[in-house]
Structures are given as structure tokens and as C-alpha cells.
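Here is what each chain is made of, one letter per residue.
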Amino acid sequence: MEGLDDFDQDEDPDPICGVTDFGGGLLLQVPCEVFTANEPEDGTTLVEDSLYALPGDNFVELENVSATAIQARDDMDRLTTVFLLNSDTLFAIGSSDLSEPAQDALNGIIAALEGHFDGQPVELRGHTDAIGDRAANDKLSADRAASVADYFGSHGLDRSNISIIGLGSAVPIVQESSGDEAADELGRAQNRRVEVVVRVAS
């Protein structure tokens, strides 16, 4: 199936090979070509159907922000941008209270949202690693998403236009168990994240 976008910039729309459920209602069209927009840390391995295999963002400039981004169409053909923020930048381990360094990262995302997606609904998706109790991880991921939503709301974005979901450890992007302790920790660190999702109708 021919897609609507030319993510690889070869002047032809990229063929789409299906729709993948990335958890929590995030259904995205997957190009037949594997882009691997954001390489995992050395020694870590992407999980099957990882968000990282989708195209990288081509037009949103993030200044002074430690974040990565992907783009794809959702199942309703809305262009969807997902910013991935590492939770270790935003929170202390086990905490949902925003750290001081978090402000720079979040201010950069706010600037991108206001500059490119003004007024569009925003979804915040919290994720943890797989260490610990599932119920506790689910709560922590939701609390972290809520903390980011509250920060956005107190810094110029419409809080009523922001939804949150906590997915715990259910949707990893890299494997956490490889037999290599250093790689396992890197994998866990990458899976601890908050995703900022914006969908724009054509």
C-alpha cells in the first residue's frame, strides 16, 4: 500500500506494510522499510516492533533538548509525532517529582509544541523498566505522565487538552535482558521514558 509521506526523501511516497499497536491505543502505520531512526545504545537490542524502527522527525527542531522523535501516520491517517524523553533526565529513581534539570528539557518540548502544533491535543505516555512490582510501576508511570502534564499546564499549554496514560513496563523499546549486565542496565534506562504524542489531521 502506498503511503502519504516520503520519510526517506526519495521523492516517492513510502509504501506501508501494516499498522502496529504500540500500546495504549497508539496505532501507527509502519513503512515497509525499517528506518531505525534512533539507534539504541551500544550493546542493546531493539524489541520487535519498537518505536525506534519508525522514521525520525524531519521538521521539528529541538533546541537544547535531550529527546528523540519519530513520525508516522496513525490508523486514521493523522500525522503523528512522538517525542521520547528519558525519565532519568526528568525524575530521580522511583520518584514522580520533576527534577531541576527536567525544566530545560520540558521547556524545549513546550516550545516545539507551541511552534509546530499550537492547540493540538497532546497525549503523555509514561513508561518504566521491568524491575519491581507491576502495579507499582503502572502507578509510577501514570504519576510521572501527570507531573509532566501539570508542568505543561502551568507553563502555557492548555491542561484540559492534555491526556495521560501510564503503561508501566508493558511497552519496552529495547530488550532489558541480554546476559550482559551493562547492556541490561542501558536497556532499562532507555525504557524508562515519557512519550509526548501529537496527532495532526491532514
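Everything below is about the structure printed above this text.
Report on the accompanying structure. (Residues numbered from 1 in each chain as written. Predicted model: local features only at pLDDT ≥ 70, side-chain atom pairs only at ≥ 80, totals over all residues. Heavy atoms only, no water.)

**Side note on helix α2 (residues 102–116)**
What counts here: Helical segments are the DSSP runs of H or I of at least four residues, strand segments are the runs of E of at least two, and each set is numbered from the N terminus. What a helix is expected to span follows from its residue count: subtract one and scale by 1.5 Å. Residue exposure (1.4 Å probe, protein chains only): buried if accessible area is under 20% of the type maximum, exposed if over 50%, otherwise partly exposed. Between two residues, a contact is recorded if the distance between any of their heavy atoms is within 4.5 Å.
Taking 1.5 Å per residue as the helical rise, α2 with its 15 residues ought to reach 21 Å, and the 21 Å between its terminal C-alpha atoms agrees with that figure. Of all the residues in α2, the buried ones are Ala102, Ala105, Leu106, Gly108, Ile109, Ile110, Ala112 and Leu113. Residues of α2 that are buried sit in contact with β3 (67–73), β4 (79–86), α1 (87–90), β5 (122–127), α3 (134–154) and β7 (193–200).

**Remarks on the state of the cysteines**
The cut-off we apply is this: Throughout, a disulfide means two cysteine sulfur atoms within 2.5 Å of one another.
Evaluated as defined, the whole model comprises one disulfide. Residue pairing for Cys17: its cysteine sulfur links by disulfide to Cys32, the two sulfurs lying 1.8 Å apart. Every disulfide takes its handedness from the sign of the S-S torsion; for Cys17 and Cys32 that torsion is 105°, giving right-handed. Taken together, the residues Cys17 in strand β1 (residues 16–21) and Cys32 in the loop between β2 (27–31) and β3 connect sequence positions 15 residues apart. Taking the relative accessible area as the measure of exposure, Cys17 reaches 58% and is therefore exposed.

**Thoughts on the packing of aromatic side chains**
What counts, and what does not: We call Phe, Tyr and Trp rings a pair once their centres come within 6.5 Å, taking the six-membered ring for Trp, and we label the pair stacked below 30 degrees between planes, edge-to-face above 60, and tilted otherwise.
Per the stated rule, a full pass over the model turns up one aromatic pair. With 6.5 Å between their ring centres and 75° between their planes, Phe83 and Phe117 make a pair best called edge-to-face. Here Phe83 is found in strand β4, whereas its partner Phe117 is found in the loop between α2 and β5, with 34 residues between them in sequence.

**Observations regarding the pattern of salt bridges**
Using the following cut-off: Salt bridges are defined as contacts in which a side-chain nitrogen from Lys or Arg sits within 4 Å of a carboxyl oxygen from Asp or Glu.
Under the criterion given, the structure shown has eleven salt bridges. Residue Arg192 pairs with Asp129 through a salt bridge whose shortest N-O separation is 2.7 Å. A residue pair is termed long-range when its members are at least 10 positions apart, and Arg192 in the loop between α4 (181–191) and β7 and Asp129 in the loop between β5 and α3 qualify at 63 residues. Using a relative accessible area of 10% as the deciding quantity, one classes Arg192 as buried. Relative accessible area serves as the criterion here: at 9%, Asp129 is assigned to the buried category. Across the pair Lys139 and Asp143 runs a salt bridge whose closest N-O atoms are separated by 2.6 Å. Placement of both Lys139 and Asp143 in helix α3 is noted, with a separation of four residues, approximately one turn of the helix. Classification of Lys139 as exposed rests on a relative accessible area of 53%. A relative accessible area of 27% places Asp143 in the partly exposed class. Among the charged side chains, a network of salt bridges with common partners joins Asp88, Asp129, Glu185, Arg188 and Arg192.

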